[in-house]
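# Analysis of the macromolecular model
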Amino acid sequence: MSGPGAGFEYPPEEVSWVKRDVLLFANTIGCTTDELHFLYELDPKFSVFPTYPVILPFKKTEQDVVDFYAAQKATKIPGVPDFDSRRVVDGQRLIQFLKPLPTTSAGKKFELRTKVLGVYDKGKPGSVVEIQQDLVEASTGEVYSRAIGSSFYVGQGGWGGPKGPATENVPPPKDKKPDVEFEVQSNPQTPLLYRLNGDYNPLHAHPEPGRKMGFGGVIIHGLFSFNTTCHGLLQKLGGSDPANIKEFQARFASPVRPGDKLVTSVWRTGEQKDGWEEVRFEVKIAGGKVCLSNGRALMKVVGEAKSKLGIVACVSGAAMATDRKVGDRLSYEGALCTVRYIGPVSGTAGSWLGVEWDDPARGRHDGSHKGVRYFTCLSNASTAASFVRPARPAETAQSFVAAVYEKYASEPAKTTMIKFSNKVAEEVGFEKIHRKQAQLGELKYVIVDGACIVEAYAAGEEPIRQVCPKIVELDLSRNLFQTVGAVVGICSELAALRSLRLNGNRFQDVTNDGGLEGAESALGGVKDLALEETLLSWPEICHVAAKFTSLSALSASANQLTALPAAPLAGLASTLVSLSLEFNNFTALADVASLAGLTSLRNLHLKGNRIAAVTRDASDAAPVLSESLRYLDLSYNAVASWAFVDALPACFPGLASLRFSHNPVYDDPDPGFSARAQAATEEAYMFTVGRLAGLRALNFGTVSAADRQDAEMFYLGRIAKHLAAVPAGREAEVLAQHRRYAELCALYGAPAVNRRAELNPAFLEARLVTVRFALRSADGGAERTARIPKSFDIYAVKGIAGKLFGARPLGLRLVWETGEWDPVAGFDDEVEDSSDEEQEDREREQHEEEAEAAAAAQAKAKAADLGEGSPQDSGSRTGKWVKREVELHDGPRQLGFCVDGLEANIRVEFR
């Protein structure tokens, strides 16, 4: 904080309000009869609308009209000019709601504590004064709200002050339709009513100030647009509950005149932090300019508030009351849904239920119909919602005890035949199975998914601990629970419970679920928990999972998660061993960086996401997870670069087992260099093993010592081909893409790089091959070099070799040493495509340690067999790969057709 006026603190100002002030404010910003808790002082939930504090700097303690201009000139900011408050408009406002306001200040003393954050000179257009204003209870020092705002003094710049920092922009998403839209129609009385809250600036009542400032007359308070937009957001997304909004901001972009219609477009970003979702919005004058930009709010999105007036709907001329309410869980012919809206639909008669189906393919739209948005779905699918009549019969909800009796103890259907396609099979042994299942007291494995369960047991039913106390594994997926507390009630009577599946349920307001308080004793024995397809946020998932104090395995797949914000992990940090986050919407490993806090995590499943990079921004630091993590599943993602694979050891320092099949880079591992398209899987396997030195298992197959040697030698040979394809001056660029090159050269020796020089074919150099002859004999050896035309046949080449070494040409044997590696026979029989989906047996993961131990023993034995010998020795045959050599047989074939390039190493031996 620096510059003229920055840091200056105004003297504290006392402020006060009464219930009448609160009611007036709610009326002037557009609260409706569906929101009586803002409009009726006797409502059990009577509340102050959250943005009310923005009016207090104008009102202070007054109950009568105040002189606006005099009040603004009361205190001078030192070091800056005296600005004319008759020519001031709002710039930008941000308000944070830290604690709910009491409906009256009576009995307490409240103060506004204001300090200047900066005063900025914008030149000829004017000056900006930015302040922070806290509403504080004087006796306790508690801050109820914090507002950061800027005032723009029109035409009062050019005094030599600092220009100020650039404003951070939060534009709405591009190429995405708004999730919610709503309108507010103003009229000539709008600013005259709003000013009665205490903002008596004449600019909003008389045309003269507006004309002098260039607005042409009266304009509506910028804070009216600010407050009424916040009201619309809370009404449409937050259920009109003030507890569902934490922060709200907007920039005042252009003036609004009485009679203008304000059209607000809202986009949900899906970005969540500590349970709060960021929502962005933009407000336009219908047919005109943007008047509120940079709109952003932090909210808990729960849908639109239900009516509180007990309206009776008419269908086909008959009166019909409904006891349905927003949030209800219903089942129609086995299709589960959640009620998101109750009310009329434009162009139709009567009332409707707007429902979001658990199966997103079941609906017809996303909550908007014919251009009007009625509600917002949790699902990001475009067909998750539809409208149904309240009179449509839904399936009857039941208790857990009733569901168990119905499935395991009811009379079996009297059927004697079972059909498979067109064949009839005789039913044998089913009665025996049913009799065994009917012994409810002995049941250990219970599956009651899709059974319309809402509670543990109904009145008059036996307690669960008497009906089926021995349950070890329980599946309660896809039922009608609204709270996790209802599940806790079931689990509290199952002392032997170790595995619990809650997939596909739609739990509501999880973080405020009173049924989870003290639930640790009821859930402490469960070690395996599944919360798939619940559409819970990551903080909500952690809040639930933390109640399972012995939890070792958690599945949170298919929850539309895009990132994992930091969340309290409680005991999960030391107990959780396996975590499945498959089929979510992560795009980078950094999206799961917060998992570094899980210090006991061993297995991480990220299959079926959209991961393509390590970080979203190249400048960001790569995430580093605990060394305890040994197994990682990244199959079916979007990785298209081997640089991603090279980064895995740094991100997962303990990584020993990887599943990486079905990524673009795995399906096409080396474009332009692969010899056969059908060999892509084998090459991808070897590239992956060759790049990851610590890998012991890949795609469920153990990497033996021989497998590793073969893969690393193949990979090294392929690097040589890449080097040969570029000029010598660009070798560093190629090697930068292969971080293990030096390490592999130290193990196996540097590969031969047969680079073909680009020469003019008309030149003599383009027709000569530089041949390095190396004689091997019992007396020792010798080396000679000769440049031989490509057109010479092998007889002539032998003649040159005989002359160089003083030997009879036909008594010599010439062998071209290619420098490349070739597989020996049987390789294709031993390396299989273990990434095939049909071979993905999860049971093999349980035996990973035994497989790793066996591989280590095999590698140790292999190393003992190899001794000190060089693995690239062509005579050792200890691996599946050997140096390729080609004998140049006597004949008229030309040298240029027998060797590649303009250089060749030829070994000379005596026959």
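Quick look at the structure, then. Quick caveat, the model's predicted, so the values are computed rather than measured.

### A short note on the overall build of the protein
Helix and strand counts for the protein come out as 23 helices and 38 strands. Split into buried and exposed, the 911 residues of the protein put 48% on the buried side. Counting only contacts in the protein whose residues sit at least 6 apart along the sequence, the fraction spanning at least 24 positions is 73%. If you sum the accessible surface of the protein, you get close to 42,900 Å²; carbon and sulfur atoms cover 51% of it.

### A closer look at helix H17 (residues 680–691)
For H17, spanning 12 residues, the distance from its first C-alpha to its last is 16 Å, which sits close to the expected 16 Å at 1.5 Å a residue. Counting buried residues in H17 gives 10 out of 12 residues, a clear majority hidden from the surface. For H17, every residue scored as buried is listed here: Ala680, Glu683, Ala684, Tyr685, Met686, Phe687, Thr688, Val689, Gly690 and Arg691.

### Overview of the sheet that holds strand E32 (residues 697–698)
By definition, the strands of a sheet pair up through backbone hydrogen bonds, in either a parallel or an antiparallel sense. As summarised here, the arrangement of the 11 strands in space is E22-E24-E25-E26-E27-E28-E29-E30-E31-E32-E33, forming an open sheet in which the pairing is mixed. At either end of the open sheet lies a strand with only one pairing partner, and these are strand E22 (445–447) and strand E33 (701–702). Contacts from helix H8 (residues 400–408) reach E22 and strand E24 (473–475), with the element oriented near 100 degrees to E22.

### Describing the packing of aromatic side chains
If you walk through the whole model with that rule in mind, you get 22 aromatic pairs. Judged by centre distance (6.4 Å) and plane angle (50 degrees), the ring pair of Trp642 and Phe660 falls under tilted. Here the residue Trp642 occupies a position in helix H15 (residues 642–651), and Phe660 occupies one in the loop between strand E31 (657–659) and helix H16 (664–667), the gap between them amounting to 18 residues. For the residue pair Trp642 and Phe660, the accessibility class agrees, reading buried in each case. Geometrically, the ring pair formed by Trp642 and Phe687 is edge-to-face, given 5.7 Å between the ring centres and 85 degrees between the ring planes. Within this pair, whereas Trp642 is found in helix H15, its partner Phe687 is found in helix H17, the two being separated by 45 residues in sequence. The class for Trp642 is buried, based on a relative accessible area of 10%. Overall, the relative accessible area of 4% leaves Phe687 in the buried class. Within the aromatic cluster, the residues linked to one another by ring pairs are Trp642, Phe660, Tyr666, Phe687, Phe714 and Tyr715. Its end group placed over the ring of Trp352, Arg389 keeps NZ or CZ at 3.6 Å from the ring centre. Directly above the ring of Tyr332 sits Arg392, whose terminal nitrogen or CZ lies 4.5 Å from the centroid.

### A short note on the pattern of salt bridges
This model, assessed by the stated rule, comprises 40 salt bridges. Its salt-bridge partner being Asp134, residue Arg146 comes within 2.8 Å of it at the nearest N-O pair. Within this pair, whereas Arg146 is found in strand E5 (residues 143–154), its partner Asp134 is found in strand E4 (residues 126–137), the two being separated by 12 residues in sequence. Given a relative accessible area of 27%, Arg146 falls into the partly exposed group. The class of Asp134 is buried, set by a relative accessible area of 9%. Here Arg280 makes a salt bridge to Glu278, at a shortest N to O gap of 2.9 Å. Here the salt bridges share partners, and the residues they tie into one network are Arg813, Glu817, Glu885, Glu887, Arg907 and Glu909.

### Some remarks on the pairing of strand E14 (residues 335–344)
Residues in a regular strand project their side chains so that they alternate between the two faces of the sheet. Most of E14 sits inside the fold, with eight of its 10 residues counted as buried. Hairpin connection between strand E13 (residues 329–332) and E14: a loop of two residues separates the two successive antiparallel strands, and Glu333 in this loop has a positive phi of roughly 50 degrees. Sheet topology places E14 next to strand E15 (residues 351–357); seven bridges connect them, and they run antiparallel. Residue pairing in the sheet places Tyr341 in a bridge with Gly354 of E15. Remark: six residues form the turn of the hairpin made by E14 and E15, two consecutive strands paired antiparallel; Gly347 in that turn has positive phi of roughly 85 degrees.

### Here we look at unusual backbone geometry
Unusually for a residue other than glycine, Lys370 sits at a positive phi of about 55 degrees. For Lys370, the location among the structural elements is in the loop between strand E16 (368–369) and strand E17 (372–373). A positive phi angle, close to 70 degrees, is found at Phe700, a residue other than glycine. Looking at the secondary structure, you find Phe700 in the loop between E32 and E33.

### Quick look at the packing of H17 against helix H18 (residues 705–724)
At a minimum axis separation of 8 Å, H17 and H18 run at an interaxial angle of 100 degrees. With respect to H18, the element H17 is oriented roughly perpendicular. In contact with Glu683, Tyr685, Met686, Phe687, Val689, Gly690 and Arg691 of H17, H18 contributes Asp707, Arg708, Asp710, Ala711, Glu712, Phe714, Tyr715 and Arg718.

### So, the side chain of Glu712
Mapped onto the secondary structure, Glu712 falls in helix H18. Residue class for Glu712 comes out buried when judged on its relative accessible area of 3%. Excluding residues that lie within four positions of it along the chain, Glu712 makes contacts with Gly690, Arg740, Leu744, Leu747 and Tyr748.

### A short note on the packing of H15 against H17
Contact pair H15 / H17: the axes reach a minimum separation of 9 Å and the direction vectors enclose 35 degrees. Crossing angle aside, the handedness with which H15 passes H17 is right-handed. Where H15 approaches H17, its residues Trp642, Val645 and Asp646 are matched on the opposing element by Ala684, Phe687, Thr688 and Arg691. Among the residues forming the contact of H15 with H17, the class breakdown is four nonpolar, one polar and two charged.

### As for the environment of Arg373
In this fold, Arg373 is placed in strand E17. Separated by 195 residues in the primary sequence, Arg373 and Pro178 have C-alpha atoms spaced 9.5 Å apart. The residues touching Arg373, leaving out its near neighbours within four places in the chain, are Pro178, Asp179, Val180, Glu181, Asp366, Gly367 and Ser368. A polar side-chain atom of Arg373 sits 3.0 Å from a polar atom in the side chain of Asp366. In terms of polar contacts, Arg373 uses its side chain to reach the backbone carbonyl oxygen of Phe375, at 3.0 Å.

### A word on the pairing of strand E18 (residues 385–388)
Along E18, one buried face is formed by Ala385 and Phe387 and the opposite face, lined by Ser386 and Val388, is buried too. Across four bridges, the pairing between E15 and E18 is antiparallel. If you follow Gly354 over to E18, its bridge partner there is Phe387.

### Structural notes on helix H7 (residues 222–237)
Along an α-helix, residues three or four apart share an orientation, since each turn contains 3.6 residues. An ideal rise of 1.5 Å per residue puts 22 Å on 16 residues; H7 measures up with 23 Å between its terminal C-alpha atoms. The element H7 is largely enclosed, with a buried count of 14 among its 16 residues. Gly239 occupies a position one or two residues after H7 and carries a positive phi of about 65 degrees.

### Considerations on the environment of Thr818
Within the secondary structure, Thr818 is located in strand E36 (residues 812–823). Along the chain, Thr818 and Val886 lie 68 residues apart, while their C-alpha atoms are 7.4 Å from each other. Ignoring anything within four residues of it in the chain, the contact list for Thr818 reads Ala752, Asn754, Arg884 and Val886.

### A few points about the sheet that holds E13
Overall, antiparallel pairing links the four strands, which are arranged E13-E14-E15-E18 in an open sheet. What marks the edges here is a single partner per strand, and that holds for E13 and E18. Between one strand axis and the next, the sheet turns by 45 degrees as a mean value, whatever way the strands run.

### Digging into the state of the cysteines
Scanning all chains against the criterion turns up zero disulfides. As a non-bridged cysteine, Cys31 has Cys230 as the owner of its nearest cysteine sulfur, 9.7 Å distant.

Thresholds, definitions, all that
- Residues numbered from 1 in each chain as written.
- Predicted model: local features only at pLDDT ≥ 70, side-chain atom pairs only at ≥ 80, totals over all residues.
- Heavy atoms only, no water.
- Helix = DSSP H or I, 4+ residues; strand = E, 2+ residues; numbered from the N terminus.
- Buried < 20%, exposed > 50% of the residue type's maximum accessible area, 1.4 Å probe, protein only.
- Contact = heavy atoms within 4.5 Å.
- Areas by Shrake-Rupley, 256 points an atom, 1.4 Å probe, with all protein chains shown as cover.
- Expected span 1.5 Å × (residues − 1).
- Pairing = 2+ DSSP bridges.
- Axes fitted to C-alpha atoms, helices over the stretch in contact; angles between N-to-C directions.
- Phe/Tyr/Trp six-rings, centres within 6.5 Å; stacked < 30°, edge-to-face > 60°.
- Lys NZ or Arg CZ within 6 Å of the ring centre and 35° of its normal.
- Salt bridge = Lys/Arg side-chain N within 4 Å of Asp/Glu carboxyl O.
- Parallel < 35°, antiparallel > 145°, perpendicular 65-115°, else oblique.
- Left-handed = near helix turned anticlockwise from the far one by under 90°.
- Nonpolar A, V, L, I, M, F, W, Y, C, P; charged D, E, K, R; others polar.
- Polar contact = N/O pair within 3.5 Å; in protein donor to acceptor, adjacent residues only side chain to side chain.
- Disulfide = S-S within 2.5 Å.

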